[in-house]
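# Overview (structure and organization)
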Amino acid sequence: MRIVGALLILVGTMVSARAETLITSLSNHRVLINSNYTGTQIAVFGAIERDAQTVARATSYDIVVTVRGPRQFLTVREKERLGPVWINQEQQKFPTAPAYLNVLSSRPIEEITSDQLRQRQKVGLSAIINSADFTSRRDGADQPFRDALYRLKAQEGLYLEDERGVTFLTPEIFRAGIDLPATAPPGNYDVDVTLFADTVILARTQTHFELVKTGFEEQVGVIARDWSLAYGLSTAAIALLFGWLASTIFRRD
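Attention here is on the structure that accompanies the text. Quantities reported herein were computed from a predicted structural model and do not represent experimental measurements. Position labels on residues start from 1 in each chain and follow its written sequence. Under the rules for a predicted model, residues below a pLDDT of 70 receive no local features and side-chain atom pairs below 80 are neither given nor counted, while totals for whole chains, interfaces and linings still include all residues. To obtain the side-chain values, all non-hydrogen atoms of the structure were included, while hydrogens and water were left out.

Let us look at the overall build of the chain. Labels follow the DSSP assignment, with helices taken as runs of H or I lasting at least four residues and strands as runs of E lasting at least two, numbered in each case from the N terminus. What the chain contains, in helices and strands, is seven helices and twelve strands. Considering only intrachain contacts with a sequence separation of at least 6, the fraction spanning at least 24 residues in the chain is 70%. The protein chains shown are the only cover counted for residues, whose accessible areas, like all others here, come from Shrake-Rupley with a 1.4 Å probe. Carbon and sulfur atoms form 56% of the exposed surface of the chain, whose accessible area is close to 15800 Å². Every residue pair with non-hydrogen atoms within 4.5 Å of one another is taken to be in contact.

This paragraph deals with a nonpolar patch on the surface. Where nonpolar side chains cluster on the molecular surface, the patch consists of Leu241, Trp244, Leu245 and Ile249 and spans about 430 Å² of accessible area. As for its position among the elements, Leu241 is in helix α7 (residues 228–249). Residue Leu241 is classed as partly exposed on the basis of its relative accessible area, which comes to 44%. Two joining distances apply to patches: 9 Å for like charges and 5 Å for nonpolar side chains (Val, Leu, Ile, Met, Phe, Trp, Tyr), and every residue must have over 30% relative accessible area and no salt bridge. When a carboxyl oxygen of Asp or Glu is within 4 Å of a side-chain nitrogen of Lys or Arg, the pair counts as a salt bridge. When accessible area is computed with a 1.4 Å probe and restricted to protein chains, residues below 20% of their type maximum are described as buried, those above 50% as exposed, and intermediate ones as partly exposed.

Another point: the pairing of strand β10 (residues 173–181). Regular strands have side chains that alternate between both faces of the sheet. Sheet topology note: the strand β3 (residues 39–50)/β10 ladder contains nine bridges and is antiparallel. From the neighbouring strand, Ala47 faces β10, where its bridge partner is Ile173. Any two strands between which DSSP finds at least two bridges are classified as paired. Relative to β10, strand β9 (residues 166–170) runs antiparallel, the two being bridged by four bridges. Bridging from a neighbouring strand, Thr170 pairs with Ile173 of β10. Where β9 folds back onto β10 in an antiparallel hairpin, the turn is made up of two residues.

Where strand β2 (residues 30–33) meets strand β12 (residues 200–213), four bridges bridge the pair, whose relative direction is parallel. Bridged to Leu32 within β12 is Val212. Connecting strand β11 (residues 187–197) to the next strand, β12, in antiparallel fashion are two residues, including Asp198 with a positive phi near 55°.

With that settled, consider the pattern of salt bridges. This structure, assessed with the given rule, holds six salt bridges. The closest approach of N and O atoms between Asp62 and Arg107, which form a salt bridge, is 2.9 Å. Residue Asp62 is located in strand β4 (residues 62–68), and its partner Arg107 is located in the loop between β7 (101–105) and α2 (109–112); the two are separated by 45 residues in the primary sequence. A residue is classified by how much of its surface remains accessible, and Asp62, at 4% relative accessible area, is buried.

Here the focus is the side chain of Thr194. By the secondary structure assignment, Thr194 is in strand β11. Only 3.0 Å separates the side chain of Thr194 from the side chain of Arg204, close enough to count as a polar contact. Polar contacts, as counted here, are pairs of nitrogen or oxygen atoms within 3.5 Å of one another; within protein the pair requires one atom able to donate a hydrogen and one able to accept it, and residues that are adjacent in sequence qualify only if both atoms are side-chain atoms.

Counting residues in each nonpolar core, the largest one holds 50 residues, and the members touching the most others are Val65, Ile178, Leu180, Phe209 and Leu211. What Val65 contacts, discounting residues up to four positions off in sequence, is Asn102, Val103, Leu104, Val166, Ala176, Val191, Asp192 and Val193. The set of buried Ala, Val, Leu, Ile, Met, Phe, Trp, Tyr and Cys residues whose side-chain atoms join them within 4.5 Å is what this entry labels a nonpolar core.

Here we take up the sheet that holds β11. The strands making up a sheet are joined through hydrogen bonds of the backbone, oriented either antiparallel or parallel. Spatial strand order, β2-β12-β11-β4-β7-β8: six strands in an open sheet with mixed pairing. Bordering the open sheet on either side are β2 and β8 (159–162), each of which pairs with just one other strand. Averaged over all neighbouring strand pairs, the angle between strand axes comes to 15°, with direction disregarded. The pairing of β11 with β12 spans eleven bridges and is classified as antiparallel. Residue pairing for β12: Leu195 is matched across the bridge by Ala203. Angles run from 0 to 180 degrees between N-to-C directions of axes, and those axes are lines fitted to C-alpha atoms, restricted for helices to the stretch in contact.

Take the sheet that holds β10 next. Taking strand neighbours across the sheet as the criterion, the four strands line up as β1-β3-β10-β9 in an open arrangement whose pairing is antiparallel. Edge positions in the sheet fall to β1 (20–26) and β9, since each of these pairs with one other strand and no more. Pairwise comparison of adjacent strand axes, ignoring direction, gives a mean angle of 25° for this sheet.

Turning our eyes to something else, we now look at unusual backbone geometry. One non-glycine residue, Asp198, lies in the positive phi region at around 55°. Position of Asp198 relative to the elements: it lies in the loop between β11 and β12.

Right under this line is the structure:
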């Protein structure tokens, strides 16, 4: 009887864990970047499905959408002024920092869940930046560099947080708009959607989209990557040629 009771409790826990599921979709899975590209917005649509046996919850749902761009190796340096010049002091490396980071939620994240869960599950911009795997250091002494990284990326419009970025169209259907500035780098972007209720995570899903260069910009990028030496020499030669032409045209006799 005890074994049967334990099995019933286990089955009940599994059903409860799967009571709600998320279905999400993007308005566009591939964004083309050309010479006229000035930024765009991708819409995330989602629906919350409840199991047929699940009773409606007394509290409303909350959604947090986290968008991470391609990883890049970043170095933040501390500069100190010495007379008329600035010199580099300490530095901190961020080998796996996302080039783009955007967190959108249905209301302030502090109201959605507890601080312990936010830090453990890396929910919210601050929790992601302050997580242990965001940098190579583990002693926590790099907080000023994390703050500087966030400040620089925010100034570029690449680290964003919108506490009202998710809108519920109905109690179970929601929408969020992901703003992509012209400075957003090409590559693969991960979109994580997390469902909350009563400060607890109920479900999670992930989807992706891609920023791709097209036309002349793509060809130049391919040449610069695959034929870096030839690209550098040709660029220097073109610069010298245009400099000589300019000096010849505007030369005063």
